[in-house]
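Examining the three-dimensional arrangement
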Amino acid sequence: MVFISAHSDTNYKHVKLKKDNEFYIGHLDNYVGVYSVMKAYFSGELGHKHVRIELTYGEETDFEGALEVAEEIEHNDLVIVVDVTATPTKKDFVIEKCVSPIVQHFIKDVLKNYEYDLYGDCPDPVSNLDEVEIYKNKTKHYFSLGLPCEGGDYNLEAVRCKIKSVDKVSMALIDICKNYDHFIKLLN
Ligand SMILES: [Zn+2]
């Protein structure tokens with residue numbers, strides 16, 4: 001099973017978003033992660049029984065939603081946490097906390113045509129706490145799929161994210177799910 005998890009709670013009590021040709025500028029954590037996952041969903045191309053999407057609650061407080069989801073994760077499942085990241089990059093997205101050699105191999109095969117950085121650790125200077133910390137107790141096969149946000153602390157203020165990053169993250173999710181058979185082969 002592929003679990004795609006994006007937290008849907010936020011720290012914001014009002015809406016703040018502008019858009020120019022290249023960027024979304026405003027409150028993005030984690031509207032932009034949810035939006036990317038929904039773009040993948042509404043492409044109509046994720047319709048496989050092995051894909052599960054969870055828009056979780058409680059991430060900003062005590063990870064309550066992720067704890068519930070984790071109860072159903074098994075050790076061979078692939079878990080993708082879609083969230084903002086402040087890790088500096090010129091690429092379209094950043095993969096963090098990807099420690100499994102199998103998952104690294106899978107990602108390199110499947111995302112050949114994408115521009116991204118891949119880390120085993122989490123260089124995000126704003127926060128290295130995300131839902132991966134919950135899910136990694138259930139499976140070794142996980143990573144954080146980060147939408148690069150710059151210009152401040154995404155927990156507190158407006159930041160900016162490339163519109164292209166949203167499109168590429170959404171396409172990457174589709175390609176990952178479509179190639180699930182390849183992941184299963186690498187597991188065996
Ligand atoms: Zn977040």
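Residues numbered from 1 in each chain as written. Predicted model: local features only at pLDDT ≥ 70, side-chain atom pairs only at ≥ 80, totals over all residues. Heavy atoms only, no water.

Scanning the protein chain from terminus to terminus reveals six helices and nine strands. For the protein chain, the C-alpha radius of gyration of 15 Å lies close to 16 Å, the compact-globule estimate for 188 residues. Expressed along its principal axes, the backbone C-alpha trace of the protein chain runs to roughly 45 × 35 × 30 Å. Burial analysis of the protein chain (188 residues in total) assigns 49% to the buried set. Partitioning the intrachain contacts of the protein chain with sequence separation of at least 6 by distance along the chain shows that 78% fall at a separation of at least 24. One finds the centroid of the 21 positive side-chain charges in the protein chain at a distance of 6 Å from the centroid of its 32 negative side-chain charges. (Helix = DSSP H or I, 4+ residues; strand = E, 2+ residues; numbered from the N terminus. Rg over C-alpha atoms; globule rule 2.2 N^0.38 Å. Buried < 20%, exposed > 50% of the residue type's maximum accessible area, 1.4 Å probe, protein only. Contact = heavy atoms within 4.5 Å. Lys, Arg positive; Asp, Glu negative; His and termini not counted. Charge placed at Lys NZ, Arg CZ, Asp CG, Glu CD.)

This part is about the packing of aromatic side chains. Under the definition given, this model contains six aromatic pairs. An aromatic cluster of three or more residues is present, and its members are F93, Y114 and Y116. Between the NZ or CZ atom of R160 and the centre of the ring of F23, over which it lies, the distance is 5.6 Å. (Phe/Tyr/Trp six-rings, centres within 6.5 Å; stacked < 30°, edge-to-face > 60°. Lys NZ or Arg CZ within 6 Å of the ring centre and 35° of its normal.)

Locating T85 in the fold gives a position in strand β5 (residues 78–85). Polar contacts involving the side chain of T85 include one to the side chain of E96, which spans 3.2 Å. Among the polar contacts listed, one links the side chain of T85 to the side chain of D124, at a separation of 3.5 Å. Apart from the residues lying within four places of it in its own chain, the contact partners of T85 are V94, E96, D124, G146, L147, P148, C149 and Y154. (Polar contact = N/O pair within 3.5 Å; in protein donor to acceptor, adjacent residues only side chain to side chain.)

Let us now look at the sheet that holds β5. As summarised here, the arrangement of the six strands in space is β4-β1-β5-β8-β6-β7, forming an open sheet in which the pairing is mixed. Bordering the open sheet on either side are β4 (51–56) and β7 (116–118), each of which pairs with just one other strand. This sheet shows a mean twist of 20° between the axes of neighbouring strands, independent of strand direction. With three bridges connecting them, strand β6 (residues 93–96) and β7 associate as parallel partners. The residue of β7 that forms the bridge with I95 is L118. Against the sheet, helix α5 (residues 163–178) engages β1 (2–7), β4, β5, β6 and β8 (142–148), with an angle of about 160° to β8. (Pairing = 2+ DSSP bridges. Axes fitted to C-alpha atoms, helices over the stretch in contact; angles between N-to-C directions.)

The subject of this paragraph is the pattern of salt bridges. According to the stated counting rule, one finds 11 salt bridges in the structure shown. Note that R52 is salt-bridged to E72, the shortest N-O span being 3.0 Å. Pair noted here: R52 is in strand β4 and E72 is in the loop between α2 (64–70) and β5, with a separation of 20 residues, a long-range link. The partner of R160 in a salt bridge is E150, and the shortest N-O contact between them spans 3.0 Å. Taken together, the residues R160 in strand β9 (residues 159–162) and E150 in the loop between β8 and β9 connect sequence positions 10 residues apart. Judged by its relative accessible area of 37%, E150 is partly exposed. (Salt bridge = Lys/Arg side-chain N within 4 Å of Asp/Glu carboxyl O.)

Functional significance is not addressed by these values, which are geometric in nature.
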